[in-house]
Amino acid sequence: MRHRKRGRQLGRNSKHRLALFRNLVTSLMEHERIETTEAKAKELRGITDRLITLGKQGTLQARRGALRVLRTKQTVQKLFDDVAKRFPERNGGYTRIIKTRQRPGDAAKLVAIELVEKTNESDKEIVSSTPS
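Residues numbered from 1 in each chain as written. Predicted model: local features only at pLDDT ≥ 70, side-chain atom pairs only at ≥ 80, totals over all residues. Heavy atoms only, no water.

Right, let's get into unusual backbone geometry. Notably, Leu10 is not glycine yet its phi reads approximately 60 degrees, a positive angle. Counting through the fold element by element, Leu10 comes out in the segment before helix H1 (14-31). (Helix = DSSP H or I, 4+ residues; strand = E, 2+ residues; numbered from the N terminus.)

This is the structure we're talking about:
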C-alpha cells in the first residue's frame, strides 16, 4: 500500500527523478516556458514555487539553497535578480499549466508550464523537454 506517500514516481528511481526535476526546473527558470508531460509539470510546480520563494528571501542561505537545486550559477542569478522581483506580493502560484497536445508516439498528454508574470523576452518559442 502507498498510503501517505507523496509525489509521483514517474517510473524512475529516486536519483534519476531528482536529476530529472533539477533539469526541468533549471530549464523553466532559464526559458520561463517549457513543454513536458502533465505528470511532470504537476510535480514541477511545487519545486518551482519553493525556489521562487527562496529568491524572494534574497539571503545568502537562500541563494545556497537554490544552488543545490539549479544547475548553473547564471540561472540562480536570474532567479534572484529577475524572476523573484516580479512576484513581490504574490504568495504562491507562480506557474501556470496550459494543456497543449498529445504526443504522437505514445499519446502522452503534453502541457506547457510557464511563469505567470512574463517579460517581453519570454514570448519566444516553447522549449520542449520531449522530442516531437
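Here helix H2 (residues 38-57) crosses helix H4 (residues 73-83) at 65 degrees, and the two axes come no closer than 8 Å. As the angle between them shows, H2 and H4 are arranged roughly perpendicular. Between H2 and H4 lies a crossing whose hand is right-handed. Taking contact as the criterion, the partners of Leu51, Ile52, Leu54 and Gly55 in H2 are, on H4, Leu79, Phe80 and Val83. In terms of residue class, the contact of H2 with H4 is built from six nonpolar, one polar and no charged. (Axes fitted to C-alpha atoms, helices over the stretch in contact; angles between N-to-C directions. Parallel < 35°, antiparallel > 145°, perpendicular 65-115°, else oblique. Left-handed = near helix turned anticlockwise from the far one by under 90°. Contact = heavy atoms within 4.5 Å. Nonpolar A, V, L, I, M, F, W, Y, C, P; charged D, E, K, R; others polar.)

Summarising the element assignment, Lys73 is placed in helix H4. For Lys73, a relative accessible area of 63% translates into the label exposed. In the structure, Lys73 is positioned 46 residues away from Thr119 in sequence and 21 Å away in space, judged by C-alpha atoms. (Buried < 20%, exposed > 50% of the residue type's maximum accessible area, 1.4 Å probe, protein only.)

To continue, consider the pairing of strand E1 (residues 33-37). Most of E1 is tucked away, with five of its five residues classed as buried. Looking at chain direction, E1 and strand E3 (residues 109-115) are connected through five bridges and run antiparallel. In the strand pairing of E3, Glu35 is matched with Ala112. (Pairing = 2+ DSSP bridges.)

For Arg12, the location among the structural elements is in the segment before H1. Once you skip the residues sitting within four places of it in the chain, Arg12 turns out to touch Arg17, Leu20 and Lys40.

In this model, H1 (18 residues) spans 26 Å end to end at C-alpha, consistent with the 26 Å of a helix rising 1.5 Å per residue. Within the sequence span of H1, burial applies to Leu20, Phe21, Leu24, Val25, Thr26, Leu28 and Met29. Considering only its buried residues, H1 is in contact with E1, H2, helix H3 (60-69), H4, strand E2 (95-102) and E3. (Expected span 1.5 Å × (residues − 1).)

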